[in-house]
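# Examining the three-dimensional arrangement
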Amino acid sequence: MGYGGISTDKVYLVTGAAGFIGYFLSRRLLEQGCKVIGIDNLNDYYDVNLKNARLDNLKPFEKFIFVKGDISDKELVIDIFGRFRPNIAVNLAAQAGVRYSVENPDAYIKSNITGFFNILEACRHYPVEHLVYASSSSVYGSNKKVPFEETDPVDYPVSLYAATKKSNELMAYTYSHLYGIPATGLRFFTVYGPMGRPDMSYFKFTVSYFKGEPIRIYNNGDFENDLYRDFTYIDDIVEGIIRLLGNPPTKANGMASHRVFNIGNNKPEKLMTFVETLEKALSNALGREVKFKKVYEPMKPGDVPVTYASIDRLQEAIGFKPQTSIEEGLQKFADWYVEYYKVR
Ligand SMILES: NC(=O)c1ccc[n+]([C@@H]2O[C@H](COP(=O)([O-])OP(=O)(O)OC[C@H]3O[C@@H](n4cnc5c(N)ncnc54)[C@H](O)[C@@H]3O)[C@@H](O)[C@H]2O)c1
(Lines give C-alpha, C1' and ligand atoms only; values in the text may rest on other atoms or scores of the structure.)
Protein backbone atom coordinates (compact mmCIF):
# COMPACT_ATOMS: atom_id res chain seq x y z
CA MET A 1 0.00 0.00 0.00
CA GLY A 2 1.41 3.38 -0.86
CA TYR A 3 0.85 6.77 0.69
CA GLY A 4 2.15 9.77 -1.18
CA GLY A 5 5.84 9.14 -1.55
CA ILE A 6 6.04 6.32 1.01
CA SER A 7 5.17 2.66 1.26
CA THR A 8 4.30 0.47 4.22
CA ASP A 9 6.29 -2.40 2.64
CA LYS A 10 9.57 -0.56 3.03
CA VAL A 11 11.97 -0.17 5.93
CA TYR A 12 12.95 3.44 6.68
CA LEU A 13 16.11 4.24 8.57
CA VAL A 14 16.15 7.69 10.18
CA THR A 15 19.30 8.96 11.86
CA GLY A 16 18.80 11.74 14.39
CA ALA A 17 15.35 10.29 15.17
CA ALA A 18 15.25 11.95 18.59
CA GLY A 19 16.10 15.29 17.00
CA PHE A 20 13.60 17.92 15.97
CA ILE A 21 13.16 17.07 12.28
CA GLY A 22 13.96 13.36 12.70
CA TYR A 23 11.26 12.99 15.33
CA PHE A 24 8.51 14.59 13.26
CA LEU A 25 9.53 12.67 10.16
CA SER A 26 9.63 9.35 12.06
CA ARG A 27 6.25 10.05 13.62
CA ARG A 28 4.67 10.77 10.27
CA LEU A 29 6.12 7.57 8.75
CA LEU A 30 4.94 5.50 11.72
CA GLU A 31 1.47 7.05 11.62
CA GLN A 32 1.23 5.90 8.01
CA GLY A 33 2.12 2.34 9.08
CA CYS A 34 5.77 2.24 7.95
CA LYS A 35 8.59 0.50 9.78
CA VAL A 36 11.15 2.95 11.12
CA ILE A 37 14.60 2.21 12.50
CA GLY A 38 15.67 5.27 14.47
CA ILE A 39 19.27 5.99 15.49
CA ASP A 40 20.38 8.78 17.80
CA ASN A 41 23.24 9.20 20.26
CA LEU A 42 21.09 11.49 22.46
CA ASN A 43 23.99 13.88 22.97
CA ASP A 44 23.63 16.81 25.35
CA TYR A 45 24.19 19.66 22.87
CA TYR A 46 20.76 20.76 24.09
CA ASP A 47 18.33 19.51 26.76
CA VAL A 48 18.29 15.71 26.59
CA ASN A 49 14.86 15.66 28.29
CA LEU A 50 13.37 17.13 25.14
CA LYS A 51 15.00 14.41 23.02
CA ASN A 52 13.67 11.77 25.41
CA ALA A 53 10.20 13.32 25.34
CA ARG A 54 10.20 13.07 21.54
CA LEU A 55 11.34 9.44 21.77
CA ASP A 56 8.62 8.68 24.31
CA ASN A 57 6.08 9.72 21.69
CA LEU A 58 7.62 7.31 19.15
CA LYS A 59 8.08 4.27 21.39
CA PRO A 60 4.38 3.26 21.50
CA PHE A 61 4.44 2.60 17.75
CA GLU A 62 4.92 -1.13 17.23
CA LYS A 63 6.92 -0.65 14.05
CA PHE A 64 9.48 1.65 15.68
CA ILE A 65 12.88 0.28 16.61
CA PHE A 66 15.29 2.60 18.38
CA VAL A 67 19.04 2.11 18.48
CA LYS A 68 21.01 4.41 20.76
CA GLY A 69 24.30 4.87 18.98
CA ASP A 70 26.69 7.20 17.25
CA ILE A 71 26.93 7.36 13.46
CA SER A 72 30.64 8.10 13.77
CA ASP A 73 30.98 4.45 14.90
CA LYS A 74 31.47 2.72 11.55
CA GLU A 75 31.05 -0.82 12.82
CA LEU A 76 27.75 0.05 14.45
CA VAL A 77 26.39 1.78 11.34
CA ILE A 78 27.37 -1.09 9.03
CA ASP A 79 25.91 -3.58 11.51
CA ILE A 80 22.57 -1.71 11.65
CA PHE A 81 22.31 -1.62 7.87
CA GLY A 82 23.19 -5.33 7.70
CA ARG A 83 20.64 -6.25 10.35
CA PHE A 84 17.70 -4.15 9.19
CA ARG A 85 18.45 -3.77 5.46
CA PRO A 86 16.68 -0.41 5.08
CA ASN A 87 15.13 0.39 1.69
CA ILE A 88 15.31 4.11 2.35
CA ALA A 89 17.87 5.90 4.53
CA VAL A 90 17.39 9.45 5.82
CA ASN A 91 20.42 11.03 7.45
CA LEU A 92 19.39 13.84 9.78
CA ALA A 93 21.88 13.17 12.58
CA ALA A 94 24.44 15.95 12.67
CA GLN A 95 26.01 18.51 14.86
CA ALA A 96 23.78 21.46 14.00
CA GLY A 97 24.17 25.16 14.75
CA VAL A 98 26.44 27.76 13.22
CA ARG A 99 27.76 29.50 16.32
CA TYR A 100 28.69 26.35 18.23
CA SER A 101 31.00 25.39 15.36
CA VAL A 102 33.27 28.25 16.41
CA GLU A 103 33.61 26.85 19.94
CA ASN A 104 33.53 23.14 19.24
CA PRO A 105 34.70 22.34 15.70
CA ASP A 106 35.60 18.73 16.52
CA ALA A 107 31.97 17.75 17.03
CA TYR A 108 31.21 18.81 13.43
CA ILE A 109 33.98 16.75 11.90
CA LYS A 110 33.01 13.72 13.95
CA SER A 111 29.26 13.68 13.29
CA ASN A 112 28.93 15.51 10.00
CA ILE A 113 31.99 14.26 8.13
CA THR A 114 32.94 10.89 9.67
CA GLY A 115 29.32 10.08 10.53
CA PHE A 116 28.05 10.89 7.06
CA PHE A 117 30.93 8.98 5.47
CA ASN A 118 29.86 5.92 7.47
CA ILE A 119 26.30 6.25 6.20
CA LEU A 120 27.61 6.41 2.63
CA GLU A 121 29.80 3.35 3.21
CA ALA A 122 26.82 1.46 4.65
CA CYS A 123 24.73 2.39 1.59
CA ARG A 124 27.55 1.12 -0.59
CA HIS A 125 27.63 -2.28 1.14
CA TYR A 126 23.86 -2.55 1.62
CA PRO A 127 22.34 -0.65 -1.31
CA VAL A 128 19.29 1.49 -0.63
CA GLU A 129 16.68 2.70 -3.10
CA HIS A 130 17.18 6.27 -1.92
CA LEU A 131 19.46 8.11 0.46
CA VAL A 132 18.05 11.44 1.60
CA TYR A 133 20.31 13.61 3.74
CA ALA A 134 20.25 16.99 5.44
CA SER A 135 22.30 19.76 3.96
CA SER A 136 21.60 23.37 4.92
CA SER A 137 20.81 26.83 3.59
CA SER A 138 24.09 27.85 5.22
CA VAL A 139 25.96 26.47 2.18
CA TYR A 140 24.97 29.72 0.43
CA GLY A 141 27.24 31.63 2.81
CA SER A 142 26.96 35.38 2.31
CA ASN A 143 25.74 35.10 -1.29
CA LYS A 144 24.09 38.35 -2.36
CA LYS A 145 21.92 37.11 -5.20
CA VAL A 146 18.43 36.19 -3.95
CA PRO A 147 16.49 34.02 -3.96
CA PHE A 148 19.15 31.35 -3.50
CA GLU A 149 18.98 28.83 -6.32
CA GLU A 150 20.43 25.33 -6.30
CA THR A 151 22.54 26.26 -9.33
CA ASP A 152 24.22 29.19 -7.52
CA PRO A 153 27.89 28.82 -6.60
CA VAL A 154 28.30 27.62 -3.01
CA ASP A 155 32.06 27.64 -2.69
CA TYR A 156 32.39 30.20 0.08
CA PRO A 157 30.97 28.80 3.32
CA VAL A 158 31.39 31.21 6.26
CA SER A 159 31.25 28.64 9.06
CA LEU A 160 32.70 25.18 9.58
CA TYR A 161 29.12 23.94 9.94
CA ALA A 162 28.37 25.16 6.41
CA ALA A 163 31.63 23.65 5.14
CA THR A 164 30.64 20.22 6.52
CA LYS A 165 27.24 20.43 4.83
CA LYS A 166 28.74 21.42 1.50
CA SER A 167 31.22 18.54 1.94
CA ASN A 168 28.29 16.17 2.46
CA GLU A 169 26.90 17.21 -0.91
CA LEU A 170 30.25 16.50 -2.58
CA MET A 171 30.69 13.16 -0.81
CA ALA A 172 27.15 12.06 -1.69
CA TYR A 173 27.70 13.01 -5.32
CA THR A 174 30.87 10.90 -5.44
CA TYR A 175 29.26 7.86 -3.82
CA SER A 176 26.32 8.18 -6.13
CA HIS A 177 28.66 8.36 -9.11
CA LEU A 178 30.89 5.47 -8.01
CA TYR A 179 28.34 3.09 -6.54
CA GLY A 180 25.05 4.14 -8.11
CA ILE A 181 23.41 5.27 -4.87
CA PRO A 182 20.40 7.49 -5.68
CA ALA A 183 20.84 10.41 -3.27
CA THR A 184 19.04 13.65 -2.49
CA GLY A 185 20.45 16.48 -0.35
CA LEU A 186 18.02 18.86 1.32
CA ARG A 187 19.02 22.43 2.06
CA PHE A 188 16.73 23.27 4.96
CA PHE A 189 15.96 26.91 5.71
CA THR A 190 15.53 27.79 9.44
CA VAL A 191 13.06 25.14 10.56
CA TYR A 192 10.89 25.97 13.58
CA GLY A 193 7.88 24.62 15.46
CA PRO A 194 6.69 22.83 18.61
CA MET A 195 9.33 20.61 20.24
CA GLY A 196 11.90 22.60 18.23
CA ARG A 197 15.55 23.16 18.98
CA PRO A 198 16.32 25.11 22.16
CA ASP A 199 19.48 26.56 20.57
CA MET A 200 17.48 28.47 17.96
CA SER A 201 16.56 32.12 18.40
CA TYR A 202 12.76 31.88 18.70
CA PHE A 203 13.16 29.22 21.41
CA LYS A 204 15.87 31.18 23.24
CA PHE A 205 13.77 34.39 23.14
CA THR A 206 10.89 32.51 24.73
CA VAL A 207 13.09 30.99 27.46
CA SER A 208 14.58 34.44 28.22
CA TYR A 209 11.14 36.01 28.44
CA PHE A 210 9.94 33.53 31.06
CA LYS A 211 13.16 34.03 33.03
CA GLY A 212 12.48 37.77 33.03
CA GLU A 213 15.65 38.40 31.02
CA PRO A 214 16.09 40.57 27.92
CA ILE A 215 16.32 38.84 24.56
CA ARG A 216 19.53 39.29 22.55
CA ILE A 217 19.03 40.24 18.93
CA TYR A 218 22.10 39.99 16.75
CA ASN A 219 21.18 42.51 14.06
CA ASN A 220 23.29 45.48 15.23
CA GLY A 221 20.01 47.25 16.12
CA ASP A 222 19.92 48.26 12.44
CA PHE A 223 16.23 47.99 11.48
CA GLU A 224 16.77 49.49 8.02
CA ASN A 225 19.12 46.64 7.15
CA ASP A 226 17.60 43.98 9.37
CA LEU A 227 18.49 40.32 8.95
CA TYR A 228 16.09 38.31 6.80
CA ARG A 229 15.33 34.65 7.37
CA ASP A 230 13.25 32.22 5.39
CA PHE A 231 11.51 30.58 8.37
CA THR A 232 10.03 27.20 7.51
CA TYR A 233 7.45 25.41 9.63
CA ILE A 234 8.21 21.81 10.59
CA ASP A 235 5.06 20.28 9.01
CA ASP A 236 6.02 21.78 5.65
CA ILE A 237 9.50 20.28 5.95
CA VAL A 238 8.08 16.84 6.77
CA GLU A 239 5.60 17.00 3.89
CA GLY A 240 8.44 17.91 1.52
CA ILE A 241 10.64 15.04 2.75
CA ILE A 242 7.79 12.51 2.60
CA ARG A 243 7.02 13.42 -1.00
CA LEU A 244 10.68 13.16 -1.96
CA LEU A 245 11.37 9.80 -0.29
CA GLY A 246 9.62 7.77 -2.99
CA ASN A 247 10.98 9.97 -5.73
CA PRO A 248 14.71 9.14 -6.08
CA PRO A 249 16.75 10.88 -8.75
CA THR A 250 17.77 8.99 -11.87
CA LYS A 251 20.96 9.27 -13.86
CA ALA A 252 20.75 11.99 -16.46
CA ASN A 253 23.24 13.29 -19.02
CA GLY A 254 26.00 11.06 -17.67
CA MET A 255 25.77 12.69 -14.22
CA ALA A 256 25.35 10.68 -11.02
CA SER A 257 21.85 10.09 -9.65
CA HIS A 258 22.25 12.86 -7.10
CA ARG A 259 20.49 16.17 -6.65
CA VAL A 260 19.95 18.87 -4.08
CA PHE A 261 16.81 20.83 -3.22
CA ASN A 262 16.11 23.95 -1.24
CA ILE A 263 13.27 23.48 1.23
CA GLY A 264 12.31 26.90 2.49
CA ASN A 265 9.30 29.11 2.76
CA ASN A 266 10.27 31.30 -0.20
CA LYS A 267 9.13 34.30 1.86
CA PRO A 268 11.91 35.79 3.97
CA GLU A 269 10.83 37.77 7.01
CA LYS A 270 12.65 40.54 8.80
CA LEU A 271 14.01 39.27 12.08
CA MET A 272 12.09 42.04 13.90
CA THR A 273 8.79 40.98 12.26
CA PHE A 274 9.45 37.46 13.45
CA VAL A 275 10.13 38.75 16.98
CA GLU A 276 6.90 40.80 17.03
CA THR A 277 4.91 37.83 15.72
CA LEU A 278 6.35 35.68 18.51
CA GLU A 279 5.29 38.32 21.07
CA LYS A 280 1.74 38.20 19.68
CA ALA A 281 1.67 34.40 19.65
CA LEU A 282 2.80 34.26 23.29
CA SER A 283 0.27 36.97 24.20
CA ASN A 284 -2.50 34.81 22.68
CA ALA A 285 -1.23 31.67 24.41
CA LEU A 286 -1.07 33.36 27.81
CA GLY A 287 -4.10 35.67 27.51
CA ARG A 288 -2.05 38.76 28.41
CA GLU A 289 0.24 41.15 26.61
CA VAL A 290 3.82 39.95 26.11
CA LYS A 291 6.56 42.45 25.27
CA PHE A 292 10.18 41.34 25.22
CA LYS A 293 12.94 43.47 26.72
CA LYS A 294 15.40 43.72 23.85
CA VAL A 295 19.15 44.11 23.68
CA TYR A 296 20.74 44.63 20.28
CA GLU A 297 24.15 43.19 19.55
CA PRO A 298 26.43 42.86 16.51
CA MET A 299 26.10 39.85 14.22
CA LYS A 300 28.14 36.85 15.33
CA PRO A 301 30.92 35.25 13.28
CA GLY A 302 29.43 32.73 10.84
CA ASP A 303 25.99 34.45 10.76
CA VAL A 304 24.68 35.47 7.35
CA PRO A 305 22.53 38.55 6.59
CA VAL A 306 19.84 36.88 4.44
CA THR A 307 18.44 33.45 3.69
CA TYR A 308 15.85 33.20 0.92
CA ALA A 309 15.03 29.97 -0.89
CA SER A 310 14.05 29.57 -4.49
CA ILE A 311 11.78 26.53 -4.44
CA ASP A 312 11.04 26.15 -8.14
CA ARG A 313 13.05 22.94 -8.33
CA LEU A 314 11.22 21.44 -5.34
CA GLN A 315 7.82 22.42 -6.68
CA GLU A 316 8.56 20.95 -10.04
CA ALA A 317 9.67 17.63 -8.50
CA ILE A 318 6.91 17.12 -5.93
CA GLY A 319 4.17 19.67 -6.62
CA PHE A 320 4.45 21.15 -3.16
CA LYS A 321 5.76 24.26 -1.52
CA PRO A 322 5.83 25.25 2.13
CA GLN A 323 2.71 27.22 2.99
CA THR A 324 2.52 27.84 6.73
CA SER A 325 2.67 31.52 7.71
CA ILE A 326 4.82 32.60 10.67
CA GLU A 327 1.60 33.71 12.45
CA GLU A 328 0.21 30.19 12.25
CA GLY A 329 3.51 28.39 12.90
CA LEU A 330 4.61 30.54 15.83
CA GLN A 331 1.17 30.24 17.42
CA LYS A 332 1.57 26.45 17.41
CA PHE A 333 5.03 26.82 18.93
CA ALA A 334 3.80 29.25 21.63
CA ASP A 335 0.81 27.06 22.55
CA TRP A 336 3.07 24.01 22.80
CA TYR A 337 5.69 25.85 24.88
CA VAL A 338 3.18 27.18 27.42
CA GLU A 339 1.60 23.77 27.82
CA TYR A 340 4.83 21.72 27.83
CA TYR A 341 6.77 23.89 30.28
CA LYS A 342 3.66 24.81 32.29
CA VAL A 343 4.49 28.52 32.29
CA ARG A 344 2.06 31.37 32.86
N1 LIG B 1 16.48 22.91 12.11
C2 LIG B 1 17.01 23.68 11.15
O3 LIG B 1 16.66 24.86 11.04
C4 LIG B 1 18.02 23.12 10.18
C5 LIG B 1 18.45 23.97 9.15
C6 LIG B 1 19.39 23.49 8.24
C7 LIG B 1 19.86 22.19 8.35
N8 LIG B 1 19.42 21.39 9.37
C9 LIG B 1 19.96 20.02 9.45
O10 LIG B 1 18.89 19.11 9.58
C11 LIG B 1 19.27 18.00 10.39
C12 LIG B 1 18.30 17.84 11.55
O13 LIG B 1 18.31 19.05 12.30
P14 LIG B 1 17.46 19.25 13.62
O15 LIG B 1 17.05 20.67 13.65
O16 LIG B 1 16.45 18.18 13.74
O17 LIG B 1 18.63 19.06 14.70
P18 LIG B 1 18.66 18.26 16.08
O19 LIG B 1 19.94 18.62 16.74
O20 LIG B 1 17.38 18.48 16.82
O21 LIG B 1 18.69 16.75 15.60
C22 LIG B 1 19.86 16.03 15.33
C23 LIG B 1 19.82 14.75 16.15
O24 LIG B 1 20.97 13.98 15.78
C25 LIG B 1 21.55 13.45 16.94
N26 LIG B 1 22.99 13.29 16.64
C27 LIG B 1 23.92 14.25 16.50
N28 LIG B 1 25.12 13.70 16.22
C29 LIG B 1 24.92 12.36 16.19
C30 LIG B 1 25.78 11.26 15.96
N31 LIG B 1 27.09 11.44 15.72
N32 LIG B 1 25.26 10.02 16.00
C33 LIG B 1 23.94 9.82 16.26
N34 LIG B 1 23.08 10.83 16.50
C35 LIG B 1 23.58 12.08 16.45
C36 LIG B 1 21.30 14.45 18.05
O37 LIG B 1 21.28 13.83 19.33
C38 LIG B 1 19.94 15.00 17.65
O39 LIG B 1 18.89 14.33 18.34
C40 LIG B 1 20.71 18.27 10.81
O41 LIG B 1 21.56 17.63 9.91
C42 LIG B 1 20.84 19.78 10.66
O43 LIG B 1 22.18 20.15 10.42
C44 LIG B 1 18.51 21.82 10.28
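Note that the structure is a prediction, hence the values are computed from the model and not measured.

### Some details on the site of the ligand
- Close contacts around the ligand come from 30 residues, with Gly-16, Gly-19, Phe-20, Ala-94 and Ala-134 the closest.
- Going through the elements one at a time, α1 (20–31), β4 (35–40), α5 (105–125) and β7 (130–136) are the ones with two or more residues in the shell around the ligand.
- Among the elements that line the shell around the ligand, the one with the most residues is α1, at 3 residues.
- A breakdown of the residues in the shell around the ligand according to their chemical character gives 13 nonpolar, 13 polar and 4 charged.

### As for the sheet that holds strand β5 (residues 64–68)
- Within the open sheet, the 7 strands sit side by side as β5-β4-β3-β6-β7-β8-β13. Their pairing is parallel. Since the sheet does not close on itself, it has two edges, and those belong to β5 and β13 (258–263), each with one partner. Averaged over all adjacent pairs, the angle separating strand axes in this sheet is 20°, with direction ignored.
- Of the pairings in the sheet, the one linking β7 to strand β8 (residues 183–188) comprises 6 bridges and is parallel in character. In the strand pairing of β8, Tyr-133 is matched with Gly-185.
- In this fold α5 packs onto β3 (11–15), β6 (88–91) and β7, with an angle of close to 175° to the strand it touches most, β6.

### Quick notes on helix α9 (residues 271–286)
- Between its first and last C-alpha atoms α9 spans 23 Å; for 16 residues at 1.5 Å apiece the expected length is 22 Å, and the two agree.
- Considered for burial, the residues of α9 that qualify are Phe-274, Thr-277, Leu-278, Ala-281, Leu-282 and Ala-285. Around the axis of α9, the buried residues are gathered within 140° of arc, so they sit on the same side.
- Against α7 (201–211), β11 (228–229), β14 (269–270) and α11 (326–340) lie the buried residues of α9.
- Gly-287 sits one or two residues past α9 and shows a positive phi near 70°.

### Examining the nonpolar core
- Residues Val-90, Cys-123 and Ile-241 are the most contacted members of the largest nonpolar core, which totals 93 residues.
- Both domains that furnish three or more residues to this core are identified here as domain 1 (2–189 + 234–264 + 313–318) and domain 2 (201–228 + 267–307 + 324–340).
- When near neighbours in sequence (up to four residues on either side) are disregarded, Cys-123 contacts Ala-89, Val-128, Leu-131, Tyr-175 and Ile-181.

### Points about the domain arrangement of the protein
- You can read the domains of the protein as domain 1 (2–189 + 234–264 + 313–318) and domain 2 (201–228 + 267–307 + 324–340).
- Computed over C-alpha atoms only, the centres of domain 1 and domain 2 are separated by 27 Å.
- Contact residues are listed per partner, giving 14 residues for domain 1 and 9 residues for domain 2.
- At the level of elements, α4 (100–103) and α8 (234–245) are the ones that each hand at least two residues to the side of domain 1 that touches domain 2.

### Examining the environment of Thr-15
- Among the structural elements, Thr-15 can be located in strand β3.
- The class of Thr-15 is buried, set by 30 C-beta atoms lying within 10 Å.
- Taking the C-alpha atoms as reference, Thr-15 lies 32 Å from Val-343; in sequence the two are 328 residues apart.
- Ignoring any residue separated from it by four or fewer positions in sequence, one finds Thr-15 in contact with Ile-39, Ile-71, Asn-91, Leu-92, Ala-93 and Ile-119.

### A few points about the pairing of β5
- Bridge count for β4 against β5 is 5 bridges, and the pairing is parallel. Its bridge partner lying in β5, Asp-40 is registered against Lys-68.
- With respect to chirality, the unit in which β4 leads through helix α2 (residues 48–58) into the neighbouring parallel β5 is right-handed.

What counts, and where the lines are drawn
Residues numbered from 1 in each chain as written. Predicted model: local features only at pLDDT ≥ 70, side-chain atom pairs only at ≥ 80, totals over all residues. Near = placed C-beta within 6 Å. Helix = DSSP H or I, 4+ residues; strand = E, 2+ residues; numbered from the N terminus. Nonpolar A, V, L, I, M, F, W, Y, C, P; charged D, E, K, R; others polar. Pairing = 2+ DSSP bridges. Axes fitted to C-alpha atoms, helices over the stretch in contact; angles between N-to-C directions. Contact = placed C-beta atoms within 7 Å. Expected span 1.5 Å × (residues − 1). Buried ≥ 20, exposed ≤ 12 C-beta atoms within 10 Å, placed from the backbone. Arc of directions from axis to C-beta. Core = buried A, V, L, I, M, F, W, Y, C linked by C-beta atoms within 7 Å. Domains from an automatic or database assignment. Right-handed = clockwise from strand over helix to strand, strands pointing away.

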